[in-house]
Amino acid sequence: MRKDRKDEVSLDNCLKCTDCNTACPVVTAHPAYPGPKRLGPELERMRREGIECDTEWVEYCLGCHRCDLACPNQVNVSELIARAKAAHKKTPVRRLRDFWLARPGLLGKLNTIVPEVTNFSLGLKPVRKLMSMFMKITPERKFPAYTKPDLRTPNVVAMNKGERVVFFPGCFIQYNQPELGRRVLELLELNGFQPEVASTGCCGVPSLANGNSEEAYKRATANVNSMMEAVNSGARIVTACSSCGHMLKTGFAHLLEDDPDLATKAAKIAANTYDLAELLVAQQDAGKFNTRFAPATATLKLAYHAPCHQKSQGIGRPWYHLLRQVPGVEIEDLNAGCCGMSGTFGFKEEKYPVSMEVGGELFAAISATAPQAVVTECATCQMQIEHGTGFKAVHPAIVLLNAYATDAKQYSFTADTSGKPKDDNMPSCA
Amino acid sequence: MSNVASNHFDVIIAGAGVAGLTSAAAAASRGLRVALVSSGPGTFVFGAGCVEIQNMNSKTPSLAEAIAFFCKLTDLAGCGFYGAIDEHRYIPTILGSFQAVSLAPFYMWNGDPSASNEVAVVGIKGLSSFNSQFIAERLATHASDLGQSAAYVAKEIALSVEPGAIPGTLRFGHRYDREPRFREELRNALKPIASNVDLIALPGILGLKSGRKEIEWLERELGCMICEIPTLPPSIPGLRLFNRLEVHLRKIGVEFFLGFPIQQLLIKEGRCKGVLLETPGRPQKITSETLILATGQFSGKLLPTPSFSFTTDLRPVDSTGAVIADNIFAAGAILQNTPAHAGNAIAILTGYVCGMAAAGVGAQYAQGSQG
C-alpha cells in the first residue's frame, strides 16, 4: 500500500453544510444512502482515529464528483469516499466480479480475440443467467458489442501537415467503438490537426470506481510513461470520452503524487490534455475552426446530456455550443442530472435498481423533449439512455462530422422515438 | 446571445448568490453573453432568500426598478416573490419568532399573522429539527406582541418512511419532487387539519425543484394557505430558489461554471481581460469585456488591494482612490461600507445595477443614500 497522501484535504474545511448531500444523485434515489457528507469527510475522520467504520454504502458512490462541485469550501469529498472504497472489505463474489469490472482493458483484449464468439455468448440467456448467479451481473442489460480493435494512426502521407495531437482512445473506443475513434481522427484532421493514436491502455477510472487503487496506479503509471514523449515534444493529448478525460486531468496526479518523478509527469500530462470539444472551441477562438458545413437538408432535433465527468472538467458545455452552429441542428440541453450508469455500476445486480432510479429524471426529460437522437460524449451514458428510454444516443463528434461536406460515410439518425425500452444498446457508428 | 462556441463572454460574473444571479439575469436580459462562475452555490442552503429593505431609503435610485426586475425574474423562474419596497410582512421562523421582510417567495408570503385567524403549525413525526409545539406557542406570543390575534395550534402528521431512511427535509423534498404518491399522501395527511384553519405552516419540504404549479396544487387541494418554514440546513426553500433560478438563467443563455473558484483575475493596464478558473489539469481561461464581482463578504482576496471602497457606478477603487480596473464592478455583500443587514436588498440593487452597467445601461447606485 502506498503511504498516506501528502497534500491533505483539510477536513476542517468541511462545515457540515450539507450542500454535497443536496447534489448527490444517489441521495435522491436511495432513501437509506447516508450521503457524501457522512461517507466522505466523516468516515475519513474516524479512519484516521483508527475507528472501525467500514460500510457497504461506500460501494454505492457513483464517483460523479457532483459533491466536489457543490462544496462551497473545496473539500475533495469524492476523493475521501474513494479512500473509503479502497479500504472497504468486499464479499468474495463481489471481489471476483469487481476484479474483472476494474479491468475493462484486459476484458477488451480477451473479448476481442474472436469478437463474434464473445458477442454471441454474451447475448445468450443462459450465459447471462449464470453471470447473474455467480458474478452478480444484472441480466437486465445487454452488454455492448465487442469489435476487432483496429483503430490505427491514419496514414500520414494522405494528410495535411498540421499540429500534432495524440488521441487517447480509452477502452470503449478501442474495443467497442473503433469506428467512432476513426471519426474523431477525421474530425481532428478536418480542423487542421495531425492526429495519431496513443498506444495506451485503460485510463484506470473503472479500477478506482471498483475500489482497486493498486490497479488504477498501474494503469496511471503505464499511461503516463507511454505519453511522455508526445507531450515533451509539445503535442497535446485529446480525449473523446469524458471519463478518460477527467482521469487524465485529475486522477493520474492524485494516484501518482507520492512519486516525485511520476507526479511531475502526471501534472504535465494533465496540463496538456484536452477534451475533443474543448480543443475545437479553442481552435474556434483562434479563428481556425472549420465551419465549412454542408447546407442543411432537414432539421435535426437533438437533446444534449452533459456527462458528470464532463461537468467536472470545468470547460463549460463545448459540444452543446459547437453543435448549435451546425446548420439544421436544433439542440436542447437537458440539464437533468446524472444518468445513473456510472460505468460499471449499472451492471451490478444489486445496484441496478439504484442506477435506474437515478436516471429517472433524465429519462423523463428525454421523453418530454422527444428528440431524433440524444447526444452525449460518454459511452456508458449512451448505453443507459438507450436502455432507459429507447431513444438513440450518439457521440456528438458523429453529428459534427456529419455536418461537413465531406466524402465521409454519413451516419443515419434512424432514431426509435417510441420511447419504449429497446434491446439494442449499441449506438452503431456504421 | 450569439450562436458561437467560445470562451469569450461579454460579461463574467463571479458568485452565485442573490447578487450574482440577479446581475446575470440583468445582463442576459440585455442580450449579453454571460458566464457565471462560482466556487459553490451561494448561501441558499442556509436560508430562503427573503428580502428586507428596512435599512434603506425607498427612494434610493434604481431600487424600485431593481426590485421590480427581481420579482419578474423570480416569477419567470417559477418561484415568484411577492411584496414591495414599502411593504413589511412578518414571516415565521423555525425558532417561533417572526422575521420582518419586504419581499418573500410565494410559498412563505402567507405566513404573516395579519393574513389569517387560525394557523396550524404542522410537524412531521420523526423529523427532529422541527418542534411544532414550541413554534406554535412562541408564534402565538409574538403575534400578540405585534397586535395580531391569530391563533396558533400545534399539529403533527405521520408520513410513511422508506425502509432504512431517517426522516429529513432533504428526503421529503426529493420525494415531493419525484413521487406523485408522496404528494398525495402529504395532502391526505394535511386535509383533516386544513378544514379547521386558514393557514398551514409546515417545515420546508415542498420540493427542491418544484415551482408554482406543484406547490399551488397542494394549496388548491387543501383549500387553505400554506407557508413553509425553512429548517436547519439544508433549507429546501432556499435550494429551490437557487435551482429554479439556475434553470431559468440557463434557458436565457447564461453559461455556468459552478464549482470552480477563480484562481486569478487577469488585470493588465487598468483593464480586466478575464479570469483563470481553478479547473482540473490546468486553469481554464475565460475572457470577457466586463467582470462583476459578487463573491460575498468572505472572499475579497481576488482584488490586488486588500480592502477597497467603490465609485458611484460600483467600480472598486484602491486606497489612493484610483479605480482598480475600469471594467470591474462589484455587487452584493462584497461591497463594504454598506449596511450589511439590508438582507438581500443591496444584493438585488447592486446586482441589477452592475448587470445593466455591463450592458452599457447607466443605472447608478448612489452611495450613502441608505436611510
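Residues numbered from 1 in each chain as written. Chains lettered and ligands numbered in written order. Predicted model: local features only at pLDDT ≥ 70, side-chain atom pairs only at ≥ 80, totals over all residues. Heavy atoms only, no water.

Moving on: the overall build of chain B. Assigned secondary structure in chain B consists of nine helices and 17 strands. A compact globule built from 371 residues should have a C-alpha radius of gyration of about 21 Å, and chain B, at 22 Å, falls within 12% of that. C-alpha extents for chain B along the principal axes are approximately 70 × 45 × 30 Å. For chain B, the residues scored as buried account for 58% of the 371 residues in total. When the accessible surface of chain B is totalled, it reaches about 14100 Å², and 50% of it is carbon and sulfur. Side chains of chain B carry 30 positive and 30 negative charges; the gap between the two charge centres is 7 Å. (Helix = DSSP H or I, 4+ residues; strand = E, 2+ residues; numbered from the N terminus. Rg over C-alpha atoms; globule rule 2.2 N^0.38 Å. Buried < 20%, exposed > 50% of the residue type's maximum accessible area, 1.4 Å probe, protein only. Areas by Shrake-Rupley, 256 points an atom, 1.4 Å probe, with all protein chains shown as cover. Lys, Arg positive; Asp, Glu negative; His and termini not counted. Charge placed at Lys NZ, Arg CZ, Asp CG, Glu CD.)

Turning next to the packing of aromatic side chains. Going through the model one piece at a time under the given rule, you end up with 16 aromatic pairs over all chains. Ring centres 5.8 Å apart and planes at 15 degrees place the aromatic pair B:Phe172 and B:Phe182 in the stacked group. Of the two residues, B:Phe172 is situated in helix H5 (residues 169–178) and B:Phe182 in helix H6 (residues 180–194); the sequence distance between them amounts to 10 residues. Side by side, B:Phe172 and B:Phe182 carry an identical accessibility label, which is buried. Above the ring of B:Phe106, the side-chain terminus of B:Arg212 is found at 4.4 Å from the ring centroid. In this structure, B:Arg282 is placed above the aromatic ring of A:Tyr274, and the distance from its NZ or CZ to the ring centre is 3.6 Å. (Phe/Tyr/Trp six-rings, centres within 6.5 Å; stacked < 30°, edge-to-face > 60°. Lys NZ or Arg CZ within 6 Å of the ring centre and 35° of its normal.)

Residues and elements named next belong to chain A. Along the polypeptide, Arg164 turns up in strand E1 (residues 163–168). Spatially, the C-alpha atom of Arg164 lies 6.0 Å from that of Phe193, the residues being 29 residues apart in sequence. Those residues within four positions of Arg164 in sequence are excluded, and the remaining contacts are Gln194, Glu196, Glu229, Ala230, Ser233, Ala235 and Arg236. Of note is the side chain of Arg164, whose polar atom sits 2.8 Å from the side chain of Glu196. Among the polar contacts made by the side chain of Arg164, one reaches the side chain of Ser233 at a distance of 2.8 Å. (Contact = heavy atoms within 4.5 Å. Polar contact = N/O pair within 3.5 Å; in protein donor to acceptor, adjacent residues only side chain to side chain.)

Now for the sheet that holds E1(A). All names here are of chain A. Here four strands make up an open sheet; going across it, the order is E2-E1-E3-E4 and the pairing parallel. Two strands bound the open sheet, and with one partner strand each, they are strand E2 (193–197) and strand E4 (273–275). Ignoring which end each strand starts from, the neighbouring axes of this sheet average 35 degrees apart. The pairing of E1 with E2 spans five bridges and is classified as parallel. Each residue of the ladder has a partner; that of Arg164, found in E2, is Gln194. (Pairing = 2+ DSSP bridges. Axes fitted to C-alpha atoms, helices over the stretch in contact; angles between N-to-C directions.)

Each partner contributes to the interface: chain A provides 44 residues, whereas chain B provides 40 residues. For the pair chain A and chain B, the summed buried area comes to about 3300 Å², and 48% of that belongs to carbon and sulfur atoms. Contact with chain B buries surface across chain A, with A:Thr28, A:Pro31 and A:Arg324 losing the most and accounting together for 17% of the total. Where chain A touches chain B, the interface holds five salt bridges. Across the pair B:Arg282 and A:Glu278 runs a salt bridge whose closest N-O atoms are separated by 2.8 Å. Across the chain A-chain B interface, the total number found is 16 residue pairs in polar contact (both at pLDDT 80 or more). Of the residues belonging to the side of chain A that touches chain B, the class tally is 17 nonpolar, 17 polar and 10 charged. (Buried area = accessible area lost by both parts, 1.4 Å probe. Salt bridge = Lys/Arg side-chain N within 4 Å of Asp/Glu carboxyl O. Nonpolar A, V, L, I, M, F, W, Y, C, P; charged D, E, K, R; others polar.)

Residues and elements named next belong to chain B. In the contact formed by helix H1 (residues 18–29) and helix H8 (residues 236–251), the axes pass within 11 Å of each other and the chain directions differ by 25 degrees. With respect to each other, H1 and H8 are oriented roughly parallel. You can see that H1 and H8 cross each other, and the crossing is left-handed. The residues of H8 that touch H1, namely those facing Leu21, Ala24 and Ala25, are Phe242, Leu245 and Leu249. Residue classes in the contact of H1 with H8 are distributed as six nonpolar, no polar and no charged. (Parallel < 35°, antiparallel > 145°, perpendicular 65-115°, else oblique. Left-handed = near helix turned anticlockwise from the far one by under 90°.)

Many analyses report the size of an interface as the accessible area lost when the parts associate. Residues and elements named next belong to chain A. We note that the domain assignment places domain 1 (11–86) and domain 2 (289–403) within chain A. Measuring from the centre of the C-alpha atoms in domain 1 to the corresponding centre in domain 2 gives 27 Å. Listed per partner, the contact involves 13 residues of domain 1 and 14 residues of domain 2. In total, about 1200 Å² of surface goes out of reach between domain 1 and domain 2, with carbon and sulfur atoms giving 66% of it. Broken down residue by residue, the surface that domain 1 buries against domain 2 is led by Tyr60, Leu62 and Arg66, which jointly contribute 46%. In this assembly, domain 1 and domain 2 are joined by one salt bridge. Here Glu59 and Lys351 are joined by a salt bridge, their closest N and O atoms 2.6 Å apart. Linking domain 1 with domain 2 are three residue pairs in polar contact (both at pLDDT 80 or more), by the criterion used here. For the side of domain 1 that touches domain 2, the leading source of residues is helix H2 (residues 25–29), giving three residues. For the side of domain 1 that touches domain 2, the residue count by class is eight nonpolar, three polar and two charged. (Domains from an automatic or database assignment.)

Turning our eyes to something else, we now look at the sheet that holds strand E7 (residues 373–375) of chain A. The strands that make up a sheet pair up through hydrogen bonds in the backbone, lying either parallel or antiparallel. All names here are of chain A. Here we have four strands laid out as an open sheet, ordered E6-E5-E7-E8, and parallel in their pairing. Unpaired on one side and paired on the other, strand E6 (329–333) and strand E8 (393–394) mark the two borders of the sheet. In terms of strand pairing, strand E5 (residues 300–304) meets E7 through three bridges, oriented parallel. Across the sheet, the residue bridging to Ala303 is Val374, located in E7.

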